[in-house]
Each structure stands twice: as structure tokens, then as C-alpha cells.
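Secondary and tertiary structure notes
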Amino acid sequence: MVSHGPVSFDRMWADLAPVGREPSTGGYRRFAWTRTDDELREWFTGAARERGLDVVGDRAGNLWAWTADPDTHGPGLVLGSHLDSVPDGGAFDGPLGVVSAFAALDGLDRAAFRRPVGIACFADEEGARFGVACAGSRLLTGMLDADRARSLTDDGGTTMAEAMRGAGVDPAALGRDDETVRRIGTFVELHVEQGRALADGSEAVGVGSAIWPHGRWRLDLRGRADHAGTTRLDDRDDPMLALAAAVLEARAAAGRHGALATVGKVRVRPNGVNAIPSSVTAWLDARGPVDDRVRAVVEDVGRAAGADPVEESWTPATPFDGALRDRLATLLGTDGGSAPVLATGAGHDAGVLAAAGVPTAMLFVRNPTGVSHSPEEHAEADDCRAGVAALARVVAELAC
Ligand SMILES: [Zn+2]
């Protein structure tokens, strides 16, 4: 017998707490197709079976737990999120959406459901191991090519195909899976907020409006390797100076254009303390509410660095379903008002499904510091309960 409400949430949360936890940092290292990932997927399957839900996989490695057959009685309402993490990530990003979905179902009378309700566990959302974020949902919807996915490698040279095989999942089956997508009539992903839009307000739960346009660019900065102790300043061709200009401009241009820009990864060759570098490769992440202004940041950074930024990925603005957003904001409002509506700069599986044409919404649970992708990531227990209650109301509204 599964216990209801806060008890069921707390129990699941405690079950997951030790899985993939790194004692030295207190953060989580839950990477796709590892032993830890196996354990998380087994936990998901166990939690589903305990509740009498049917678990099915798809061609993209994602897991789906259903209250009833979505092919016969669907399409269904799907909740859920992901269980993997970034390196030394927090406990909430991903698991909060999955655990809250199970807890929400625990408090409802399933006999009243007029359509199937599913809970998704998306594979490899963070892309921490193979470098492509939302790999599971992108494969599912055909936005990530199966051959490309199979040949992606991790830092140790293991391909995604090998890693999946090691986890008992057949990489040959990878690919777009329209049959699975057709089962999703509506997708609602609950997620910890990764910013401070809700932090200073009175509401614990907000409704997503859109995912900002975002992308990644590579800067290839070339110079000439030389001796740090004997080469006169005038004689140097030092690409590290171009990097410095690029980093400072990223900050300044983001401020001017109302966007965000980050240089978070750099590769220096030969990477010696006493050698002027021969080349520096840097990666720029830029996001913001408006496509053109994000593009303007990237252009300004390229000009400052004296190099053409090479686009490695670009996702235009992804609005969530407007009617659904308004309906949920009204439903979840307190004191006669609507729930807060907010956009996010973070990518999510919900954004991939929305871009594929699935009616999709997101709920965000207040994060008091806004910190995420860090062991410091947090949500108060009362706010997590409010998130479960909000999901339960969404299910009652959309599936009963
Ligand atoms: Zn997430």
C-alpha cells in the first residue's frame, strides 16, 4: 500500500537521496547510462510498479509509467521530468518533477480519471556525459539524429551506443518514436525554479510562459607559442589576450542587450605555465528573452575577440501552449489572483516537446536562492508540498 501526500513524497525523496551522491562535494553525479543511472531507472520502475502503473520504454531510452493503456484510451496527460544531473548538481533539478508526479497521483482517486495519466522519466536530460542536452526527448521527437547520438563520446572515449548497451538498452533501436509521442496529449513538467523570479513573492508555484532562445558558440583564437621568459611583449602573438577581451565583452554586451552570456569552458594549448599559448578555444553560452539581442551579444563578442563565433547549437524562443498556460495560471492562483507566470533561460524536455507541437506546460517551484546546478540548490519542504498539490490540481483539471 502506497502512503499518501507528504508521507509518500518524503519516503521517495529519502530513497533517492543517497543515489549518485558525491560525499566530497555533497552534490550529485548522476550521468546517463552509468550504474548510478541504472539504479535511478530501477527506482523509477519500482515506484511505478508499487502503484500498479505499467512501465514501458521507448526507442529513445526514456521510461513511461501509465495508469491505463494510452493507445486504447489516450492520448493521455503526462507528468514527469528527469533523474540525471550535471556534475555535482543539486537534488531537485529533475527528481522534484518525477517524485512530485508520483506523490500527486498517490493523493488522487484514479477511478475518476477519464484519460490515462503517465509519468515520464526522460533519459540524459543534462547531457553531462555526451554533451547533448535533452538527448532523450530530442531523439524521441527526431530533433537529434540517431546515428549522431550513437557516435557521441564521453571523456573516456566510450560512445553513447556502447554505454547504452552496457545498461541493457539496445542502441540499434534508437530513433524518432512517433508512436510514443502520439500517446502524449498534454505534457506538464514540474521543475525547481533555477532563478529568483518567485523567491521574493508570496507564491510557491509559478507557471512557465516560454523558454528563452539560447545557444552555444565556439571561439577559435589562434596565436604563436613561445617562451614566457624570453619573448619581448612587442613580439608576442598571445591568444589569451583575445580570450580576455571576449570574456569582458560577453559581460558588457549581455548587460547592453538585456541578455545573459557566459564563458564557462576554455581549452588552452599547450596549457603550460611558462608558455605563451599557441591557441585558445573558448565556448560562449548566450541566452535572453529576444532572439535578435542574443545574436547581437554573440556578434559583439566575436568582434572583441577578433574571431567569428562558430555556432554549435541554437534553439529559438520556445513558447509553451498559451491557452494551457492561462488555464493553469488561473487554476493555481491563490487569493483570487493568477499564479505568477515566468519565462526561463534553462532548457527542458518540456521545451523540446513544445517545439515538437505537443501541448505543454511547466510549473516552477520556488527556489529561495535561485541557485541551481550546484549542491546548494534548494526548495523548502512546504514549497515542495505546494508543488505536489499544484500537480494534483492539474491532474484533476485535465484528466478527471
Ligand atoms: Zn532539469
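This text gives an overview of the structure that appears in the document.

Some thoughts on the state of the cysteines
Under the counting rule described, the total for this entry stands at 0 disulfides. Of all cysteine sulfurs in the structure, the one in C121 sits closest to C134, which takes part in no disulfide; the separation is 13 Å. Using a relative accessible area of 3% as the deciding quantity, one classes C134 as buried. In this model C384 remains outside any disulfide bridge; the closest cysteine sulfur is found in C121, 18 Å from its own.

Here we look at the pattern of salt bridges
Under the definition given, this model contains 25 salt bridges. Across the salt bridge formed by R366 and D383, the nearest N and O atoms sit 2.9 Å from each other. Taken as a pair, R366 in the loop between strand 15 (360-365) and helix 13 (381-399) and D383 in helix 13 lie far apart in primary sequence, 17 residues in all. Of the two residues, R366 and D383, neither departs from the other in class, the shared state being buried. A network of salt bridges, in which partner residues are shared, links E249, R256, E299, D300 and R303.

Observations concerning the packing of aromatic side chains
Counted according to the given criterion, the structure contains 7 aromatic pairs. A ring pair is formed by W13 and F92, whose centres lie 5.0 Å apart and whose planes are at 40 degrees; its orientation type is tilted. Here the residue W13 occupies a position in helix 1 (residues 5-16), and F92 occupies one in the loop between strand 3 (76-82) and helix 4 (95-106), the gap between them amounting to 79 residues. Seen in terms of ring centroids, W64 and F122 are 5.5 Å apart; in terms of plane orientation they differ by 80 degrees. Their pairing is edge-to-face. Of this pair, W64 sits in strand 2 (residues 63-66) while F122 sits in strand 4 (residues 117-122); the two residues are 58 residues apart in sequence, bridging distant segments of the chain. Each member of the pair, W64 together with F122, is buried. Among the aromatic side chains, those forming a connected cluster through ring pairs are F9, W13 and F92. Over the ring of W283 we find K265, and its NZ or CZ is 4.7 Å from the ring centre.

Remarks on empty space enclosed by the protein
Tallying each qualifying case throughout the model produces 2 cavities of 30 Å³ or more. In this model, the largest cavity occupies a volume close to 50 Å³. Forming the walls of the largest cavity are D37, R41, L83, D84, C121, F122, A123 and D124. Put simply, the parts of the chain that give the lining of the largest cavity at least two residues each are helix 2 (35-50) and strand 4. Of the residues in the lining of the largest cavity, the class split is 4 nonpolar, no polar and 4 charged. Approximately 30 Å³ is the volume found for the second largest cavity. By residue number, the principal contributor to the lining of the second largest cavity is helix 5 (residues 135-140), which donates 3 residues. Residue composition of the lining of the second largest cavity, grouped by class: 7 nonpolar, 1 polar and 1 charged.

Focus on the nonpolar core
Core analysis: the largest hydrophobic core is formed by 57 residues, its most contacted members being W43, F44, L96, F102, V188, L328 and L363. Other than its neighbours up to four places away in sequence, L328 contacts V207, A361, L363, V394 and L398. Counting 37 residues, the second largest nonpolar core, distinct from the first, contains A149, L342, A354 and M362.

What to know about a positive patch on the surface
Among the surface-exposed residues, R216, K265, R267 and R269 lie close enough to one another that they form a single positively charged patch. At 3 residues, strand 9 (residues 260-269) tops the list of elements feeding residues into the positive patch. Position of R269 among the secondary structure elements: in strand 9.

A short note on the sheet that holds strand 11 (residues 279-287)
Spatially, the 4 strands line up as an open sheet ordered 9-11-7-12, and their pairing is antiparallel. Each having just a single partner strand, strand 9 and strand 12 (310-315) make up the two edges of the open sheet. Across this sheet, the average inter-strand angle for adjacent strands is 15 degrees, counted without regard to direction. Pairing analysis gives 5 bridges linking strand 7 (residues 214-222) to strand 12, with the strands arranged antiparallel. Each bridged residue has a counterpart across the sheet, and for W217 the counterpart in strand 12 is E311.

Some details on the coordination of the zinc ion
Within the first shell, the zinc ion binds the protein through H82 (NE2), D93 (OD) and H191 (NE2), at distances of 2.0 to 2.2 Å. Spacing between the donor residues of the zinc ion along their common chain follows H-x10-D-x97-H. Highlighted residues: H82 in strand 3 and H191 in strand 5 (residues 184-192), separated in sequence by 109 residues. Accessibility expressed as a relative area gives 0% for H82, which makes it buried. Looking at H191, the relative accessible area reads 1%, which means it is buried.

Calculation rules
Sequence order as written defines residue numbering, which begins from 1 separately in each chain. Only residues with pLDDT of at least 70 are given local features in this predicted model, and only at 80 or more are side-chain atom pairs given and counted; all residues enter the totals for whole chains, interfaces and linings. Note: side-chain values were computed over all heavy atoms of the structure, leaving out hydrogens and water. Defined by distance alone, a disulfide is two cysteine sulfur atoms within 2.5 Å. For each residue, the accessible area found with a 1.4 Å probe, counting protein chains only, is set against the maximum for its type, and the residue is called buried under 20%, exposed over 50%, and partly exposed in between. Salt bridge, as applied in this entry: a Lys or Arg side-chain nitrogen positioned within 4 Å of an Asp or Glu carboxyl oxygen. Here a strand is any run of E in DSSP of at least two residues, a helix any run of H or I of at least four, and the numbering for each starts at the N terminus. The aromatic pairing rule takes the rings of Phe, Tyr and Trp, using the six-membered ring of Trp, and pairs them if the centres are within 6.5 Å, calling planes under 30 degrees apart stacked, those over 60 edge-to-face and the rest tilted. For a lysine, the NZ atom is tested; for an arginine, the CZ atom; a charge sits over a ring if that atom is within 6 Å of the ring centre and within 35 degrees of the ring normal. Think of a 1 Å grid over the protein atoms and nothing else: a 1.4 Å probe that fits but is trapped marks a cavity, an open set flanked by protein within 12 Å on at least five of seven lines marks a pocket, and residues with an atom within 4 Å of a point count as lining. Grid points are joined across faces, edges and corners, and a volume is the space filled by probe spheres set on the points. Classification convention: Asp, Glu, Lys, Arg as charged; Ala, Val, Leu, Ile, Met, Phe, Trp, Tyr, Cys, Pro as nonpolar; all other residues, Gly among them, as polar. Here the nonpolar core consists of buried residues drawn from Ala, Val, Leu, Ile, Met, Phe, Trp, Tyr and Cys, with membership extended through side-chain atoms lying within 4.5 Å. In this analysis, two residues are considered to be in contact whenever any of their non-hydrogen atoms come within 4.5 Å of each other. Residues forming no salt bridge and having over 30% relative accessible area are the ones grouped into patches, like charges within 9 Å of each other and nonpolar side chains (Val, Leu, Ile, Met, Phe, Trp, Tyr) within 5 Å. Note that accessible areas follow from Shrake-Rupley with a 1.4 Å probe, and for residues the cover is restricted to the protein chains shown. The charge count includes Lys and Arg as positive and Asp and Glu as negative, but it does not include His or the ends of the chains. Charged groups are reduced to one reference atom each: NZ for lysine, CZ for arginine, CG for aspartic acid, CD for glutamic acid. One bridge is not enough; two strands pair if DSSP finds at least two bridges between them. Only C-alpha atoms enter the line fits that serve as axes; for helices the fit covers just the stretch in contact. Angles between N-to-C directions range over 0 to 180 degrees. Coordination shells were defined by N, O and S atoms within 2.8 Å of each metal, extended to 3.2 Å for Na, K and Ca; water is absent from the atom set, which can make sites look incomplete.

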